[in-house]
Amino acid sequence: MNKTTPLISFTPRARQHAGGEGLAAIQRMVHACMQCGTCTASCPNAFAMDLAPRQMWRMLLFGLAQEVLESRTFWLCSSCYTCTLRCPRGLPLTDAMAALKRLAAAGTDSANRKKALFYQEFMHNVEMNGRVQEMGFMCSYFLAMHDPLLPLEYTPLGLKLLGKGKLRLGGDAQRGRLGPLFAKVRSMEGAS
Amino acid sequence: MKYAYYPGCSLEASAEEYDVSCREVLQRLGVELAEIPDWTCCGASAAEPVSRLLTLALPARNLALAEREAAGLDMLVPCSACYLNHLRVTRECAQDRSLSGRINEVLGTEGLGYAGKVRVRHLLDVLAADIGPEAVAAAATRRLEGLTVAPYYGCQALRPYVLFDDPEHPRSMTPLITALGATVLDWDMGGRCCGASLMATRKDVALSSVAAILDAAEGADVIVTVCPMCQMNLEAYQKQARQGSPVSVLYLTQLLGLAFGLSDGQVLLGKNLAVTDALKSKLRACAAAGNAMQTTPTGG
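The numbering scheme is per chain: residues are counted from 1 as the chain's sequence reads. The lettering of chains begins at A and the numbering of ligands begins at 1, in the order of writing. The predicted nature of this model means local features are confined to residues of pLDDT at least 70 and side-chain atom pairs, given and counted, to a pLDDT of 80 or more, with totals for whole chains, interfaces and linings taken over all residues.

## Things to note about the overall build of chain A
Quick reminder of the rule: Runs of H or I in DSSP of at least four residues are treated as helices and runs of E of at least two as strands, each being numbered from the N terminus. Contacts are defined on C-beta atoms placed from the backbone: any two residues whose C-beta positions lie within 7 Å are in contact.
Secondary structure assignment for chain A yields eleven helices and zero strands. Taking the contacts inside chain A whose residues are at least 6 apart along the sequence as the reference set, 62% of them involve residues at least 24 apart.

## Section: the domain arrangement of chain B
Residues and elements named next belong to chain B. Put simply, the rule is: An automatic or database domain assignment provides the domain bounds reported here.
As assigned here, chain B comprises domain 1 (2–122) and domain 2 (132–295). Each of domain 1 and domain 2 has a C-alpha centre, and the two are 25 Å apart. Facing the 23 residues of domain 1 at the interface are 26 residues of domain 2. At the level of secondary structure, the elements contributing two or more residues to the side of domain 1 that touches domain 2 comprise helix 1 (16–28) and helix 3 (80–95).

## Notes on the pairing of strand 1 (residues 2–5) of chain B
Residues and elements named next belong to chain B. Put simply, the test is: Pairing between two strands requires that DSSP report at least two bridges joining them. For the handedness criterion, the strands are oriented away from the viewer, and a crossover whose path from the first strand over the helix to the second runs clockwise is classed as right-handed.
Relative to strand 2 (residues 32–35), strand 1 is paired through four bridges, and the arrangement is parallel. Bridging from a neighbouring strand, Tyr-3 pairs with Leu-33 of strand 2. What joins strand 1 to strand 2 is helix 1, and the crossover it makes is right-handed.

## Details of the pairing of strand 7 (residues 222–225) of chain B
Residue and element names in this part refer to chain B. As a reminder, the rule being used: Residue burial here comes from a neighbour count, namely the number of other C-beta atoms, placed from the backbone, that lie within 10 Å of the residue's own C-beta, with 20 or more meaning buried, 12 or fewer meaning exposed, and in between meaning partly exposed.
Alternating residues of strand 7 divide into Val-222 and Val-224 and Ile-223 and Thr-225, and every residue in both groups is buried. Bridge count between strand 7 and strand 8 (residues 248–251): four bridges; the pairing is parallel. Bridging from a neighbouring strand, Val-224 pairs with Leu-250 of strand 8.

## As for the sheet that holds strand 6 (residues 183–184) of chain B
Reading across the sheet, the four strands line up as 6-5-7-8 (chain B) and stay open at both edges, with parallel pairing between neighbours. If you trace the sheet from one side to the other, it starts and ends with strand 6 and strand 8 of chain B, each paired once.

## With respect to the packing of helix 7 (residues 110–129) of chain A against helix 8 (residues 134–145) of chain A
Residue and element names in this part refer to chain A. Put simply, the rule is: Only the stretch in contact is used when fitting a helix axis, every axis being a line fitted to C-alpha atoms; angles between N-to-C directions are given from 0 to 180 degrees. Orientation categories follow fixed angle ranges, with anything under 35 degrees roughly parallel, anything over 145 roughly antiparallel, 65 to 115 roughly perpendicular, and all other angles oblique. By the definition used in this description, the sense in which the near helix is turned from the far one sets the handedness, with an anticlockwise turn below a right angle giving left-handed and a clockwise turn giving right-handed. Amino acids are sorted into nonpolar (Ala, Val, Leu, Ile, Met, Phe, Trp, Tyr, Cys and Pro), charged (Asp, Glu, Lys and Arg) and polar (every other residue, Gly among them).
Where helix 7 contacts helix 8, the axes come no closer than 9 Å and their chain directions differ by 135°. Comparing the axis directions of helix 7 and helix 8 gives the class oblique. Like other packed secondary-structure pairs, helix 7 and helix 8 cross with a definite hand, here right-handed. Contacts between helix 7 and helix 8 involve Leu-117, Phe-118, Glu-121, Phe-122 and Asn-125 from the former and Gly-136, Phe-137, Ser-140, Tyr-141, Ala-144 and Met-145 from the latter. The class makeup of the residues in the contact of helix 7 with helix 8 is seven nonpolar, three polar and one charged.

## Observations regarding the confidence of the model for chain B
Regions with low pLDDT should not have their predicted coordinates read in detail. Note the threshold: For every residue, the predictor states its confidence as a pLDDT score lying anywhere from 0 to 100.
Scored by pLDDT, chain B comes out at a mean of 96, with 97% of its residues at no less than 70. We note a pTM of 0.94 for the whole complex and an ipTM of 0.95 for its interfaces.

## Structural notes on the interface of chain A and chain B
Across the boundary between the two partners, chain A contributes 46 residues, which contact 44 residues of chain B. Listed by contribution, the elements that provide at least two residues to the side of chain A that touches chain B are helix 5 (82–86), helix 6 (93–106), helix 7, helix 10 (155–163) and helix 11 (179–191) of chain A. No other element matches the eight residues that helix 7 of chain A contributes to the side of chain A that touches chain B. Residue composition of the side of chain A that touches chain B, grouped by class: 23 nonpolar, ten polar and 13 charged.

## Quick notes on the environment of Glu-35 of chain B
All names here are of chain B. Turning to its location among the elements, Glu-35 is positioned in strand 2. Judged by C-beta crowding, with 14 C-beta atoms within 10 Å, Glu-35 ranks as partly exposed. With 28 residues separating them along the chain, Glu-35 and Pro-7 place their C-alpha atoms 7.7 Å apart. Look past the residues within four positions of Glu-35 in its chain and what remains in contact with it is Tyr-5 and Pro-7.

## What about the sheet that holds strand 3 (residues 75–77) of chain B?
By way of backbone hydrogen bonds, the strands of a sheet pair with one another, either parallel or antiparallel. Residue and element names in this part refer to chain B. Read across the open sheet, the four strands follow the order 2-1-3-4; overall the sheet is parallel. Looking at strand neighbours, the two that pair on one side only are strand 2 and strand 4 (120–122), the edges of this open sheet. Strand-to-strand, the axes of this sheet are offset by a mean angle of 40°, without reference to chain direction. Of the strands in this sheet, strand 1, strand 3 and strand 4 are in contact with helix 5 (residues 123–139), which crosses strand 4 at around 80°.

Below you can see the structure in the form of structure tokens.
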């Protein structure tokens, strides 16, 4: 597969300014946290997290960025917005989770870089095709993960979708349409 | 009634049955759709972990196209993730003019501009508020008597922006379902997360959410959804999630279409991954009763 743009197209520039835009901005988002734990109690995925969300906000405010970025907690946020809805301080907690994903993806930790690949491969597909091509995206994701067992996990689903005529290449009328938009976003985020 | 229509990428591929049934049902309800020309991906749930500006610029492009090509129309979105992405731009730009400026700087590369004039509406909001249960009942030719329906709303149609339903105890589907003669399952999982894209990144965690939802729906004949991601998570991984009996999962628009007298083929029922024989025979019984009602003149 020939790719005309780098695989991980947002990472290099993001890393340059992640410290400035990243950590301080996230700390401001959760600055008013009063440690009530409503977020943790509301989270459908908290059972699988190593740091409870409440605990993670406090660690961020203490400046324990390294420990937070090494945790899997923010990668387990599925953006259900229940914590954001219920937070008595009205804090944008789901946005903070997403910002942590961006900060972690821009860092050097290889485990975090790998966890970010799913999203980066998806956006690469969008950049190329204008509208995401589900099958092409999953194929390039499997390739990027270098895990021969991963595709097998999704084989039953793939076969089901194939049988239903749902695995097909979409139209390509919008191919390349988003190239200029992505390039502009890249240059603006690199410059900020 | 006329709306600018943003189907989104899923509805062109794995959720084709949602697109087809949505168009069919809305047409029968007297709604005209003007698909936004040259629309592109909104970023789904993948843009946000990659770039904040991209998260806003991608949907803004579609909003700008809607303003230019379908001026004055509300934008109707059937996918909850697409809905939230577009809605977020309208909300954040309304509060922050410098953000609006940055987004327009991006859109300027294509000669587009976003002026903040489009109102973004979820399909469910349009069905419940603009069309309403009376019009739905009037369009129905089959009563779905004896059918118990579990309405599943998911997350992003309800939260974080609370616009048309209770974000903790959603109920906007209730009058639409009862208008068809069906019974609504009393459950508290309607707004519980399905796991969303964790199904790709942490399948074990997403499966536990799916199992909890399916278990709670045991008393229902069918779960109905209003989002392609919720639909896929609930229908495609049932055997991996739990050992219980299979649960049928349809899009709300497919159920409406069947009640409106559309055939299985017209709502692409064959594309669904979880439709039990028990549901099929119940639907056939409802159809037969509907036909009998139409052909046999009733006295009085």
